[in-house]
Amino acid sequence: FPIDITFKSTNPFGWPQIVLSVYGPDFFGHDVVRGYGAVHVPFVPGRHKRTIAMFVPESTSRLQQFTSWFTGRRPEFTDPKVVAQGEGREVTRVRSQGFVTVCFNVM
């Protein structure tokens, strides 16, 4: 999807990121999260291609896994800042879930 954004900054530290949340139907037709990922927006002019590793949060016990599968309510992040910042994610159980490729045309 083409996105047109203009940024102005004196310091590229903490440059904006694009946070992706991919959803799709499961076996029962419930709309569930298929992956989260984030990438920094490049600030050098030109065409940039980035591959984003996607991940999904997992339940911590077998009972929670069965309950979430049965009810169609899988674990999700409520705040996208968790994906972008990464603080506190070291205690979150996640599983790799594929890749998404993004192309940037920076002027």
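Residues numbered from 1 in each chain as written. Predicted model: local features only at pLDDT ≥ 70, side-chain atom pairs only at ≥ 80, totals over all residues. Heavy atoms only, no water.

Participant: Requested: an account of the overall build of the protein chain, with residues and values cited.
Facilitator: Helix and strand counts for the protein chain stand at 2 helices and 4 strands. Each helix (α) and strand (β) of the protein chain, taken in turn from the N terminus, gives the series β-β-β-α-α-β. Every one of the 107 residues in the protein chain was classed for burial, and the buried ones make up 24%. The contacts in the protein chain between residues at least 6 apart in sequence include a share of 58% that link residues at least 24 apart. Carbon and sulfur atoms make up 57% of the accessible area of the protein chain, which amounts to about 8300 Å² in all. (Helix = DSSP H or I, 4+ residues; strand = E, 2+ residues; numbered from the N terminus. Buried < 20%, exposed > 50% of the residue type's maximum accessible area, 1.4 Å probe, protein only. Contact = heavy atoms within 4.5 Å. Areas by Shrake-Rupley, 256 points an atom, 1.4 Å probe, with all protein chains shown as cover.)

Participant: Go over a nonpolar patch on the surface, please, and point to the residues and values.
Facilitator: On the surface, a cluster of nonpolar side chains totalling about 650 Å² of accessible area is made up of F27, F28, F66, W69 and F70. Tracing the sequence through the fold places F27 in the loop between β1 (17–25) and β2 (31–40). Judged by relative accessible area, which is 76%, F27 ranks as exposed. (Patch = residues over 30% accessible without salt bridge, like charges linked within 9 Å, V, L, I, M, F, W, Y side chains within 5 Å. Salt bridge = Lys/Arg side-chain N within 4 Å of Asp/Glu carboxyl O.)

Participant: Account for the confidence of the model for the protein chain, naming residues and giving values.
Facilitator: Caution is warranted with low-pLDDT regions, since their predicted coordinates should not be read in detail. Here the protein chain shows a mean pLDDT of 79. Residues at 70 or above account for 80%. Per-element confidence in the protein chain ranges from a low mean pLDDT of 75 for helix α1 (residues 62–71) to a high of 91 for strand β3 (residues 46–57). (pLDDT = per-residue confidence, 0-100.)

Participant: Outline the environment of V19, supporting the account with residue identities and numerical values.
Facilitator: Relative to the helices and strands, V19 resides in strand β1. We classify V19 as partly exposed; its relative accessible area is 29%. Measuring from C-alpha to C-alpha, the distance between V19 and A38 comes to 4.3 Å, with 19 residues separating the pair along the chain. Residue contacts for V19: discarding those within four places in its chain leaves G37, A38, P80, V83 and A84.

Participant: Quick one: what's the story with the nonpolar core, residue by residue and with numbers?
Facilitator: Counting 9 residues, the largest nonpolar core consists of W15, L20, V39, V41, I52, M54, V102, F104 and V106. Counting only elements with at least two residues in this core, the list comes to β3 and β4 (94–106). For this core, the element with the most residues is β4, which contributes 3 residues. Once you skip the residues sitting within four places of it in the chain, V39 turns out to touch P16, Q17, I18, R50, I52 and F104. Judged by nonpolar contacts, the second largest core, of 5 residues, contains V33, Y36, F55 and F77. (Core = buried A, V, L, I, M, F, W, Y, C linked by side-chain atoms within 4.5 Å.)

Participant: Can you explain the pattern of salt bridges? Please cite residues and give values.
Facilitator: Across all of its chains, the model carries 1 salt bridge by this definition. For E58, the salt bridge is made with R95, and the minimal N-O distance between the two is 2.6 Å. Here the residue E58 occupies a position in the loop between β3 and α1, and R95 occupies one in strand β4, the gap between them amounting to 37 residues.

Participant: Pulling in residues and values, what's your account of the pairing of β1?
Facilitator: Note: β1 against β2, 9 bridges, orientation antiparallel. When the bridges of β2 are listed, G24 appears paired with V32. Counted along the chain from β1 to the antiparallel partner β2, the turn is 5 residues long, and its residue G29 has a positive phi close to 90°. (Pairing = 2+ DSSP bridges.)

Participant: Before we move on, can you summarise the packing of aromatic side chains with the specific residues and values?
Facilitator: Inspection of the entire model under this criterion finds 1 aromatic pair. Between the aromatic rings of Y36 and F55, the centroid separation amounts to 6.4 Å while the plane-to-plane angle is 45°, which identifies the pairing as tilted. Taken together, the residues span a long stretch of sequence, with Y36 in strand β2 and F55 in strand β3 at a distance of 19 residues. By relative accessible area, which is 11% here, F55 ends up buried. (Phe/Tyr/Trp six-rings, centres within 6.5 Å; stacked < 30°, edge-to-face > 60°.)

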